Amino acid sequence: MTVLSDQSIFSAMRQGGPFAVRDHISIGRPFDRQKREWVRELCADQVQMTKYRAVRSQVFNLLQVDSFEDVRRLLRDPGARKQTSEQACRLLGRLFNVEGEVREMRTKLREFGATADSVIEYLRRKILAPYASHIEISNEIGTTADPVELLLTLFDDRYHKKVRFEAKRKLVLMNLAGAIDQRERETGIETRFKTFIRFLDDYVWSPNLKIGEHRLAYLLSEHAPDDHRCLDVKTIPLEAAAGVRLGPDQRLTFVKRRLFDVGNKQIPVYVSVRKKEPAAKVIKLLRKNEKNPAVAVDDELGLMAVLDSRADVTRFVDHLSRAAVRSGVLMSLEDISDTLDGGRYAATSTGSSGETRMLKFFARLGDTRVEFIIHTNRTFLDYHYRHGISHDEYEVRRLFDSGVAEFLFPRDIYQLELEAIRDELTTGFRRNHAACNGR
C-alpha cells in the first residue's frame, strides 16, 4: 500500500480525492455547482465521508469554531486569530507532551516547521536537485510555523493553489515532526548516540590511534562495462594514488579507515556512524504509511563498516561482541541477514533490490539498539556504483515507487511528469557511475 492509496492514513493529502486543493475555494457560497458535485462525490464513498468528518472535527477543534462561517470570521479578525493561536498552542503542547507555557510551545512549533521545510530542502539538495527550482517552498509558507495561520491559509482564496497546498502539506509534516520530537525526548536518543560513540572510542577502536584519527587510503577497482559491478579491488596507500593512471573501467574511491586490534594484528575498517535526522525520519514515516515513529523508525542509530575481506568481517563482529562484554554489557544480534557471499536479499522496503550483498543486523547493547550494515570492499563498491543496486538508485526508487514524490509534489500543482523524472534520475546516476576516470 502506497502513501497515496485509498486506504492510506494520509489519504487527506490526495489531490484526486475530496480533500484536494482546488484552483479556488469559497466557504461563503455553500450551494454553488462545484460544491454540489463535491458533496455528491463525498457521499458516494462512506469511508471518505467518515474521514472527512474526522478531519473537519479536528480542524474545528484546533480553530475553536463550530462552523465554516466561524472560519470566515477568523479570516477577517486578526485579534481573534491571535487568541485562537494561543489556545491552539496550549492544546498542541499537551498533545506533544511539551512542558511550559505558550512561549515554549511556539519554540517547539518553529522547530517542527523547520523540520517540515527541511524535508523539502533535503530533496531539493539531493535526489531532486535537477528540479530544485520547481519544488521550492513558497515564501509565504516557508516563513510560517503557526498551525492556525497555516490552516486559515487553506480557506483563504487570496492565496494561490500552490501556496494553499503547501500550507496543508506543512501541517502534515509538522505533525510527523512533532511525533518524532516527542519520541526522541522519551527515548533520550541524543544521549544514546553519545554513549554509542563513546563505546566505540573506548572499547572498539585501537588504542594506538588518537580519538578521531584515521588511516587514509584509496580503493582501486575494476568494473564491468555493462552494469558497473565490481570485478576486482585492492587497497593502495594515499601517496601511491597520485601516480595511478586509470583504465577505461577503473575507479579510485577514497576511504578514511580506523583500526581495531585482534591479537597482535591491526585491521583497517572504513566506518560511517549516523543518527537518522528528523527530516529522514519524516520521509520514512511517509514511505511506511505510518504516523507512529516507534513503529516505523527502527534504525535511529546506524553504523556501516567496510572491511578488506570476509574473514575481516567475521573478526570485526567477534571484536564488537568482546568489546561489549569489556564495557559491561552483553551484545545480542537480531534480524540477521547475510548475503555477502551471494544469495538473494530478502528485501522488504519499497525500492530495495534482492541482489544487494551485505551483512545486516541489529545489535542490542543494553538499552540501545543499533543497525549494522557491513560490507567487504567489493560489495561496498557495488553498493555505490552497480546499476540496479547502487544506493543512489535505491533512493530514487523508494521515493517514487512508494508514492512519496507524488504525495509531496502532485502533478497538477507542480507540473512535473514524475514517471519520466524517475527514469531520468536513474539514467543520470548510472551515467555518473560509469564515468570511472576520476577520483
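Residues numbered from 1 in each chain as written. Predicted model: local features only at pLDDT ≥ 70, side-chain atom pairs only at ≥ 80, totals over all residues. Heavy atoms only, no water.

Novice: When you look at the overall build of the protein chain in this model, what are you seeing that I'm missing?
Specialist: What the protein chain contains, in helices and strands, is 18 helices and eight strands. Looking at the 439 residues of the protein chain, the share that counts as buried comes to 51%. In the protein chain, the proportion of contacts linking residues at least 24 apart, taken out of those at least 6 apart, comes to 68%. Within the structure as shown, the protein chain displays about 21900 Å² of accessible surface, and the carbon and sulfur contribution to it stands at 49%. (Helix = DSSP H or I, 4+ residues; strand = E, 2+ residues; numbered from the N terminus. Buried < 20%, exposed > 50% of the residue type's maximum accessible area, 1.4 Å probe, protein only. Contact = heavy atoms within 4.5 Å. Areas by Shrake-Rupley, 256 points an atom, 1.4 Å probe, with all protein chains shown as cover.)

Novice: Looking at this model, I keep getting lost on a nonpolar patch on the surface. Mind explaining?
Specialist: Together, Leu 216, Leu 238 and Phe 254 line one region of the surface with nonpolar side chains, adding up to about 240 Å² of accessible area. Mapped onto the secondary structure, Leu 238 falls in helix 10 (residues 238-241). (Patch = residues over 30% accessible without salt bridge, like charges linked within 9 Å, V, L, I, M, F, W, Y side chains within 5 Å. Salt bridge = Lys/Arg side-chain N within 4 Å of Asp/Glu carboxyl O.)

Novice: In this structure, what is going on with the packing of aromatic side chains? I would like to understand it.
Specialist: Both the distance between ring centres and the angle between the ring planes are used here to describe each pair of aromatic rings. Counted by the stated rule, this structure contains 15 aromatic pairs. With 6.3 Å between their ring centres and 90° between their planes, Phe 196 and Phe 372 make a pair best called edge-to-face. Of this pair, Phe 196 sits in helix 9 (residues 189-204) while Phe 372 sits in strand 8 (residues 368-376), placing them 176 residues apart in sequence. Its relative accessible area of 3% is what places Phe 196 among the buried residues. Residue classification places Phe 372 among the buried positions, given a relative accessible area of 1%. Pairing Phe 361 with Phe 372 gives two aromatic rings, centres 5.2 Å apart and planes at 10°, and the pair type is stacked. (Phe/Tyr/Trp six-rings, centres within 6.5 Å; stacked < 30°, edge-to-face > 60°.)

Novice: Help me understand the pattern of salt bridges in this model?
Specialist: Once their charged atoms are close, side chains differing in charge can pair, the charge on each being opposite to the other. This model, assessed by the stated rule, comprises 41 salt bridges. Salt-bridge contacts for Arg 72 lead to Glu 69; the nearest nitrogen and oxygen are separated by 3.3 Å. In this pair, Arg 72 and Glu 69 are both assigned in helix 3 (residues 68-76), three residues apart and thus about one turn of the helix distant. By relative accessible area, Glu 69 is classed as partly exposed at 33%. Here Arg 169 ties to Glu 166 by a salt bridge, and the two come within 3.8 Å at their closest N and O atoms. Here Arg 169 pairs with Glu 166, and both are found in helix 8 (residues 161-187), just three residues apart, close to one helical turn. Each member of the pair, Arg 169 as well as Glu 166, carries the same accessibility label: buried.

Novice: So what exactly am I meant to see when it comes to the nonpolar core here?
Specialist: In a soluble, globular protein the nonpolar side chains are often hidden away together inside. With 71 residues, the main nonpolar core has Leu 63, Leu 128, Phe 400, Phe 407 and Leu 408 as its most contacted residues. Top contributing element to this core by residue count: helix 8, with ten residues. Setting aside chain neighbours within four positions, we find Leu 63 in contact with Val 71, Leu 74, Thr 84, Val 148, Leu 151 and Leu 152. Counting residues in each nonpolar core, the second largest holds 30 residues, with Ala 305, Leu 307, Leu 340 and Leu 365 among its members. (Core = buried A, V, L, I, M, F, W, Y, C linked by side-chain atoms within 4.5 Å.)

Novice: Quick question: what am I supposed to make of the packing of helix 2 (residues 46-63) against helix 4 (residues 78-95) here?
Specialist: Helix packing for two helices is described by the angle between their axes and how far apart those axes are. Viewed as axis vectors pointing N to C, helix 2 and helix 4 meet at an angle of 115°, and their least axial separation amounts to 8 Å. Residues Asn 61, Leu 62 and Leu 63 of helix 2 form the contact with helix 4, whose own contacting residues are Thr 84, Ala 88, Leu 91 and Leu 92. Each residue belonging to the contact of helix 2 with helix 4 can be placed in one class, and the counts come to five nonpolar, two polar and no charged. (Axes fitted to C-alpha atoms, helices over the stretch in contact; angles between N-to-C directions. Nonpolar A, V, L, I, M, F, W, Y, C, P; charged D, E, K, R; others polar.)

Novice: Mind showing me how you'd approach unusual backbone geometry here?
Specialist: Among all residues except glycine, the phi angle is most often negative; among peptide bonds, the trans geometry is most common. For His 228, which is not glycine, the phi torsion reads 65° and is therefore positive. Among the secondary structure elements, His 228 is positioned in the loop between strand 1 (215-223) and strand 2 (230-237). Phi is positive for Asp 335, close to 55°, though the residue is something other than glycine. With respect to the helices and strands, the residue Asp 335 is situated in strand 6 (residues 331-338).

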